[in-house]
Amino acid sequence: MAEALHPAAVDHLPVFITAPGETDVLFNVMTVFVLLVVFLVGILYLRLHALPEHMAHGASKGQLQIIGVLCLIALFTHNHLFWIAALLLAMVEFPDFASPVKSIARSLARIARRDERADEREAAQSGLAAMRSEAQRKAPPPEQPPAGGPQWVPLEVVPAPGDDKIEHRG
């Protein structure tokens, strides 16, 4: 026997209305869709939140750490002022003060080692120096350079093998 419709029911029901006891397909599809959208919005939010760190990737270590801390503070406090400060800090390129100071320190260390080696050679050759001084006293004096002016020696500047003065950003 055919089921009789209630007198208040309409003849044609929409597709999304299911009969009692059947699976609600629209509900299942919308559940998956909402979970997917929430997941994608979360990824977009976190990628946008990490934008200052990605922008400052080639910056100095200290600047990158400051930007990372500001982004974390902004993430946990929901205070957008920290994120804006991190973004502005990522756009500004700080001058590199450490490289020239490191270069000076390497040069001074090299000079100090050269002086130490010269002192060691002097100590090792002290006996030979005494013998040479006697021989030089007996030998005639060497020829004097011409008095026409200073003698110029060409200077070749060779970069140090550990020189790390490079451009950080392109």
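Residues numbered from 1 in each chain as written. Predicted model: local features only at pLDDT ≥ 70, side-chain atom pairs only at ≥ 80, totals over all residues. Heavy atoms only, no water.

Draft legend 1. A look at helix α4 (residues 80–91). Under the 1.5 Å per step criterion, the end-to-end length of α4 is 17 Å for 12 residues, consistent within 8% with the ideal 16 Å. Restricting attention to buried positions, one finds in α4 the residues Trp83, Ala86, Leu87, Leu89 and Ala90. Buried residues of α4, seen end-on, are gathered within an arc of 165 degrees and therefore sit on one face of the element. For α4, the exposed residues set more than 90 degrees away from the buried face come down to Leu81, Leu88 and Met91. Contacts from the buried residues of α4 go to α1 (25–49), α2 (51–55) and α3 (61–77). (Helix = DSSP H or I, 4+ residues; strand = E, 2+ residues; numbered from the N terminus. Expected span 1.5 Å × (residues − 1). Buried < 20%, exposed > 50% of the residue type's maximum accessible area, 1.4 Å probe, protein only. Arc of directions from axis to C-beta. Contact = heavy atoms within 4.5 Å.)

Draft legend 2. Looking closely at the packing of α3 against α4. Where α3 meets α4, the closest approach of the two axes is 8 Å, and the angle between their N-to-C directions is 160 degrees. Taken as axis vectors, α3 and α4 run roughly antiparallel relative to one another. For the element pair α3 and α4, the recorded crossing hand is left-handed. Contacts between α3 and α4 pair Gln63, Ile66, Ile67, Leu70, Cys71, Ile73, Ala74 and Thr77 from the former with Phe82, Trp83, Ala85, Ala86, Leu89 and Ala90 from the latter. Looking at the contact of α3 with α4 residue by residue, the class counts come to 12 nonpolar, two polar and no charged. (Axes fitted to C-alpha atoms, helices over the stretch in contact; angles between N-to-C directions. Parallel < 35°, antiparallel > 145°, perpendicular 65-115°, else oblique. Left-handed = near helix turned anticlockwise from the far one by under 90°. Nonpolar A, V, L, I, M, F, W, Y, C, P; charged D, E, K, R; others polar.)

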